[in-house]
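Each chain, written out:
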Amino acid sequence: MSGILIKDAYALIDGTTDRHSIYITDDKISGIDKEPAGFKQDTMIDGSSFLVIPGLINAHTHSYMAPLRNIADDMPFMDWLLKGVNPVEDKMTGKDAYYGAMLAIIEMIMCGTTTFNDMQMHIHQTTKAVKESGMRAVISRGLVGSSYDRNDVRIKEALEEMEDGKDCDRLSFMLGPHAPYSCGPDYLRCVADLAKEKGLGIHIHLAESQTEIDNLKKEHNCTAIEYAQKAGCFDVPAIAAHCIRVTDSDIEIMKEHNVSVVTNPASNMKLGNGFAPVPKFLEAGLNVAIGTDGAASNNSLNMFHEISLLALIHKGVALDPVCIGAEECLKIATENGAKALGLEGVTGKIKEGYKADLALLNLDTPSMIPQNNLISSLAYSANGSEVDTVIIDGRIVMQDREIKTIDTEKVFFEAKKIV
Ligand code: NI
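Predicted model only: the values in this text are computed from it and were never measured. (Residues numbered from 1 in each chain as written. Predicted model: local features only at pLDDT ≥ 70, side-chain atom pairs only at ≥ 80, totals over all residues. Heavy atoms only, no water.)

### Comments concerning the overall build of the protein chain
Step number 1: Summing up its helical and strand segments, the protein chain has 15 helices and 17 strands in all.
Step number 2: Taking the principal axes of the C-alpha coordinates as reference, the protein chain spans close to 60 × 45 × 40 Å.
Step number 3: Considering only intrachain contacts with a sequence separation of at least 6, the fraction spanning at least 24 residues in the protein chain is 73%.
Step number 4: Carbon and sulfur atoms provide 49% of the accessible area of the protein chain, an area that totals close to 16200 Å².
Step number 5: Here the protein chain holds 40 positive side-chain charges and 59 negative ones, and the gap between their average locations is 3 Å. (Helix = DSSP H or I, 4+ residues; strand = E, 2+ residues; numbered from the N terminus. Contact = heavy atoms within 4.5 Å. Areas by Shrake-Rupley, 256 points an atom, 1.4 Å probe, with all protein chains shown as cover. Lys, Arg positive; Asp, Glu negative; His and termini not counted. Charge placed at Lys NZ, Arg CZ, Asp CG, Glu CD.)

### Notes on the nonpolar core
Step number 1: Phe-281 and Leu-361 are the most contacted members of the largest nonpolar core, which has 99 residues in total.
Step number 2: No other element matches the 10 residues that helix H2 (residues 94–110) contributes to this core.
Step number 3: Looking at this core, you find at least three residues from each of domain 1 (3–54 + 350–403) and domain 2 (56–340).
Step number 4: Ignoring anything within four residues of it in the chain, the contact list for Phe-281 reads Cys-243, Val-246, Ile-251, Met-254, Val-261, Ala-276, Leu-286 and Val-288.
Step number 5: The next biggest cluster of nonpolar side chains, apart from the first, holds 18 residues, and it includes Ile-4, Ala-356, Leu-358 and Ile-391. (Core = buried A, V, L, I, M, F, W, Y, C linked by side-chain atoms within 4.5 Å. Buried < 20%, exposed > 50% of the residue type's maximum accessible area, 1.4 Å probe, protein only. Domains from an automatic or database assignment.)

### Some details on the domain arrangement of the protein chain
Step number 1: The domain architecture assigned to the protein chain consists of domain 1 (3–54 + 350–403) and domain 2 (56–340).
Step number 2: Placing the centre of domain 1 and that of domain 2 at their C-alpha centroids yields a distance of 28 Å.
Step number 3: Roughly 2100 Å² is buried in total at the junction of domain 1 and domain 2, and carbon and sulfur atoms are behind 65% of that figure.
Step number 4: Linking domain 1 with domain 2 are 3 salt bridges.
Step number 5: On the surface where domain 1 and domain 2 come into contact, there are 7 residue pairs in polar contact (both at pLDDT 80 or more).
Step number 6: Elements that contribute at least two residues to the side of domain 1 that touches domain 2 include exactly strand E5 (50–54), strand E14 (358–362), helix H14 (374–381), strand E15 (387–392) and strand E16 (395–399).
Step number 7: Top contributing element to the side of domain 1 that touches domain 2 by residue count: H14, with 5 residues.
Step number 8: Partitioning the side of domain 1 that touches domain 2 into residue classes produces 18 nonpolar, 4 polar and 5 charged. (Buried area = accessible area lost by both parts, 1.4 Å probe. Salt bridge = Lys/Arg side-chain N within 4 Å of Asp/Glu carboxyl O. Polar contact = N/O pair within 3.5 Å; in protein donor to acceptor, adjacent residues only side chain to side chain. Nonpolar A, V, L, I, M, F, W, Y, C, P; charged D, E, K, R; others polar.)

### A look at the coordination of the nickel ion
Step number 1: Distances from the nickel ion to its protein donors, namely His-60 (NE2), His-62 (NE2), His-205 (NE2) and Asp-293 (OD), fall within the range 2.1 to 2.3 Å.
Step number 2: Considering all 4 donor atoms around the nickel ion, the spread of angles at the metal, 89 to 172°, places the coordination shape in the irregular class.
Step number 3: Every donor residue of the nickel ion comes from the same chain, spaced as H-x1-H-x142-H-x87-D. One end of the pair, His-62, is in the loop between strand E6 (56–61) and helix H1 (77–89); the other, His-205, is in strand E10 (residues 201–206), with 143 residues separating them in the sequence.
Step number 4: Using a relative accessible area of 9% as the deciding quantity, one classes His-62 as buried. (Donors = N, O, S within 2.8 Å, 3.2 Å for Na, K, Ca; no water. Tetrahedral: all angles 85-135°; square planar, octahedral: opposite > 155°, others 65-115°.)

### Observations concerning helix H5 (residues 185–198)
Step number 1: If you check H5, its first and last C-alpha atoms are 20 Å apart, about what 14 residues at 1.5 Å a residue would give, namely 20 Å.
Step number 2: Of the residues making up H5, those classed as buried are Tyr-187, Leu-188, Cys-190, Val-191, Ala-192, Asp-193, Leu-194 and Ala-195.
Step number 3: Gly-199 sits one or two residues past H5 and shows a positive phi near 70°. (Expected span 1.5 Å × (residues − 1).)

### Quick notes on the side chain of Asn-264
Step number 1: The topology assignment puts Asn-264 in the loop between strand E12 (260–263) and helix H9 (265–270).
Step number 2: Polar contacts involving the side chain of Asn-264 include one to the main-chain amide nitrogen of Asp-293, which spans 3.4 Å.

### A closer look at the environment of Leu-309
Step number 1: Of note, Leu-309 is situated in helix H11 (residues 303–318).
Step number 2: Sequence-distant contacts of Leu-309, that is, excluding residues within four places in its chain, are made with Pro-265, Ala-266 and Met-269.

### Overview of the pattern of salt bridges
Step number 1: Evaluated as defined, the whole model comprises 22 salt bridges.
Step number 2: Here Lys-28 makes a salt bridge to Asp-27, at a shortest N to O gap of 3.9 Å.
Step number 3: For Glu-197, the salt bridge identified is with Arg-150, shortest N-O distance 2.8 Å. Here Arg-150 lies in the loop between strand E8 (136–143) and helix H4 (153–161) and Glu-197 lies in helix H5, a separation of 47 residues in the sequence.
Step number 4: In this structure Arg-150 comes out as partly exposed when scored by relative accessible area, which is 31%.

### Remarks on the environment of His-122
Step number 1: Secondary-structure assignment places His-122 in the loop between strand E7 (113–120) and helix H3 (125–133).
Step number 2: Remark: the alpha-carbon pair of His-122 and Lys-416, spanning 294 residues in sequence, is separated by 19 Å.
Step number 3: Residues within four places of His-122 in sequence aside, it is in contact with Tyr-64, Met-92, Thr-93, Gly-94, Ala-97 and Glu-161.

### What about the packing of H4 against H5?
Step number 1: Packing of H4 against H5 brings their axes to within 12 Å, and their N-to-C directions diverge by 20°. Accordingly, the angle class assigned to the pair H4 and H5 is roughly parallel. In this structure, H4 crosses over H5, and the sense of that crossing is right-handed. The segment H4 lies against H5, with Arg-154, Ile-155 and Leu-159 engaging Tyr-187, Cys-190, Val-191, Leu-194 and Lys-198.
Step number 2: Split by residue class, the contact of H4 with H5 holds 6 nonpolar, no polar and 2 charged. (Axes fitted to C-alpha atoms, helices over the stretch in contact; angles between N-to-C directions. Parallel < 35°, antiparallel > 145°, perpendicular 65-115°, else oblique. Left-handed = near helix turned anticlockwise from the far one by under 90°.)

Written as structure tokens, this is what we have:
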């Protein structure tokens, strides 16, 4: 048994930011303001100048792509993907993917992210990085194909990789059919059937660009959402990244099947794809989470940047400053992310019995002064550099902005070498 006490800190709990003491026993939050029976304190963190928040949940990214940061920018979407990213990506080795994932994890921890949802191409590499770094993650091997084929090499790899997680409760897995334009209807059906059989969720990119929508209309006479639904992708817990080009009837389909949507504001804007209609999703009662997407399209993995963009874009586009608020944006980046990832009741909240996945922000820094409204500070003023200490699964993985679990110099050296 080990215990951490965060003493008398501001804490974001259920939309309030009052002062609390948080007790952590082993991997869990064991008490708030009340010392749990038998608590044995090993570490005390003076919380007087900290704001504690639930660790942020990056609900859609590609961690191994961190070395592709700034490699193909200011290009049309399909050129970016097919001419810019894919040829370089194809040359990456497993070792490159491992150091890419490590670089991404360092960046995410330093900006207060404690869980990420990854779609990747090199099995065993992200899992290795997650185990070593102390991060929490949900991993899907990206799947691409055209026929109904259970023996498809990628599907086999996806299932093989799941063995990696058996000894690590910070890891879970989904199946990751890449997108409608890279997965034929039969292949998608094959993946969906397998997901249903194995009790797995599906993580897919949907309705990201107008080209995708136009081609589906021409070839299959349906929308991207209809395409995924027809294949059975929504018969299991599903995470749909992007969902920019969606109709009202698509939103109804997603609601009916409890699909979680992940919006990726920076990536969507940078690739000129537009914005997901998030206020409409919220109004329809969809679970909306948020992600950075990969470093090749964002080009950062900073969730504070995304939270701020989320709030600003929709106010700006709707010409309505009350269509989405700071508190809602923070919920999207924490609680809703956990729900999307099948981690509801596990992480995403500061609550007794939840995993101790926390980020402590230093309030003695210009962006956090004065403390007129800490919820606004988090959504509109913070930039991630305020994150001082990060605890994941009850373990301090960063303190005084120093990562305890990773040899950061080695990762930086290797990541530069990849290029
Ligand atoms: Ni993506």
